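Chain and residue survey
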Amino acid sequence: MNKERWQKLVDELQKEGLTGIALMPGPNLFYMTGLRMGLSERPTMCVVEASGKATFLMPKLERSKGEKYSAYLLDRGVEIEFAVDSFSDEEGPIEAFKRVFQDKQGKWALEYTAARMLEYSLMKDAMGDFPFVDGVQVMKHLRIQKDEAEIESLQKACALCDLGVDIARRLLVPGKAATEVVPEVEKELKRKGGEAVFMALATGPDTAVPHAGTTNTPVAEGDPVWLDLCVQVEGYWGDVTRSWAIGKLSDEMRKVYEVVREAQDHCRKNAKPGMTGAEVDALARDVIASYGYGDQFLHRTGHGLGLEVHEEPYIVAYNHVPLEVGTTFTIEPGIYIPGKGGVRIEDDVVLVPGGCKSLTVYPRNLIDDDPKLVV
């Protein structure tokens, strides 16, 4: 929420020839203001103009939040002219939108993944037809490189991810179902400070499906297991996946495990600034393909991570944009054998000069590891 972010946003709007951007409740609004709100039938947005003015447009019952965060941002030295415009339930939002947008014709940025027809139609009523672009693409230039405070928040989230894996490994024993374990993991992580937690704990043949969800049948000796766990702290997300076994894996699944671990290790140790998302993806994909499992690696190698679990940049073959220092993303190769099982190992990393640093550090070779507490 510092003044540099606001200046970068105004500069980006001017560079792209935009009149302004309408920030909806969600990650981008939080990134710029610190304000957390949800979408409702009462439209809320922060309207940021290229001229250097920002208006909180919101229901009257929420007006105090706009006033509070306007004062908060001014206290932090943000050189923006802030205003608050609100509407009551009786009058509705039409006139407020006209007050904010009338005579503001031009090209606007709208968040394609957050703005609704409700907000668009109200803007159109105020300005008439207007051209617009995807505001997500505008904001990604600000958010893709994390500052020190953001990295600290990510590290806290990742520490809880590591702890969650350890808890799950100790609780999931033969005869117990993953559905019994998940609530216990969530309860403990929230007790430790997790703001939000969601996970999938797949066992047995379900592990062959990358997005299997949580298995409701008891685990048995020889079952492969993976836990995909996301934890939010201070608005930022950690995302980890670890695979292990209940007892001893079959020879085939053991080989799969070792290939995935080698691919993930190779990618983590060789990714560095200046490489493109496609080049980082190839680091893991080429190893897996060399063992004949290329067709069983069913998804991209990773995705950006921050205020959203999935955000820019994507570590995938079509991404030819060089990655910069401060960029955070996951490295999560996997192999999935239908009817038998799958293995995925995922870490969160940040690019540093000359390489990358892992933010999740839980042991990766778990098929022979003693399942005692190690975090």
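Placed above this text is the structure.
Residues numbered from 1 in each chain as written. Predicted model: local features only at pLDDT ≥ 70, side-chain atom pairs only at ≥ 80, totals over all residues. Heavy atoms only, no water.

**What about the side chain of Asp228?**
- Tracing the backbone through its elements, the reader meets Asp228 in strand β8 (residues 224-233).
- Asp228 has contacts with Phe198, Met199, Ala200, Asp239, Val240, Thr241, Arg344 and Glu346, leaving out every residue within four places of it along the chain. (Helix = DSSP H or I, 4+ residues; strand = E, 2+ residues; numbered from the N terminus. Contact = heavy atoms within 4.5 Å.)

**With respect to the packing of helix α9 (residues 251-270) against helix α10 (residues 277-290)**
- At a minimum axis distance of 8 Å, the contact between α9 and α10 shows a crossing angle of 155°. Taken as axis vectors, α9 and α10 run roughly antiparallel relative to one another. Read as a crossing pair, α9 and α10 show a hand that is right-handed. Two secondary-structure elements touch here, α9 through Val259, Glu262, Ala263, His266, Cys267 and Asn270 and α10 through Val280, Leu283, Ala284, Val287 and Ile288.
- Taken together, the residues of the contact of α9 with α10 break down into 8 nonpolar, 2 polar and 1 charged. (Axes fitted to C-alpha atoms, helices over the stretch in contact; angles between N-to-C directions. Parallel < 35°, antiparallel > 145°, perpendicular 65-115°, else oblique. Left-handed = near helix turned anticlockwise from the far one by under 90°. Nonpolar A, V, L, I, M, F, W, Y, C, P; charged D, E, K, R; others polar.)

**Structural notes on the sheet that holds strand β7 (residues 196-203)**
- Strand order in the open sheet formed by 3 strands is β7-β8-β9, and the pairing between neighbours is antiparallel. In the strand order of this sheet, the two ends are held by β7 and β9 (236-245), each with one partner. Going across the sheet, the axis of each strand differs from the next one's by a mean of 10°, ignoring polarity.
- Of the pairings in the sheet, the one linking β8 to β9 comprises 10 bridges and is antiparallel in character. Bridged to Val233 within β9 is Tyr236. (Pairing = 2+ DSSP bridges.)

**Quick notes on the nonpolar core**
- Core analysis: the largest hydrophobic core is formed by 57 residues, its most contacted members being Leu201 and Trp244.
- Trp244 has contacts with Val165, Ala168, Arg169, Leu172, Leu201, Asp223, Pro224, Val225, Leu227, Tyr257 and Leu366, leaving out every residue within four places of it along the chain.
- Formed by 40 residues, the second largest nonpolar core is a distinct cluster that contains Leu23, Ala50, Cys230 and Tyr236. (Core = buried A, V, L, I, M, F, W, Y, C linked by side-chain atoms within 4.5 Å. Buried < 20%, exposed > 50% of the residue type's maximum accessible area, 1.4 Å probe, protein only.)

**Some words on unusual backbone geometry**
- Here the amide bond leading from Glu312 into Pro313 is cis, since omega sits at 0°, within 30 degrees of zero.
- With respect to the secondary-structure elements, Pro313 resides in strand β11 (residues 311-315).
- One non-glycine residue, Asp103, adopts positive backbone phi at about 65°.
- Relative to the helices and strands, Asp103 is located in the loop between α4 (94-101) and β5 (108-110).

Note that all results are geometric; they support no functional claim without further evidence.
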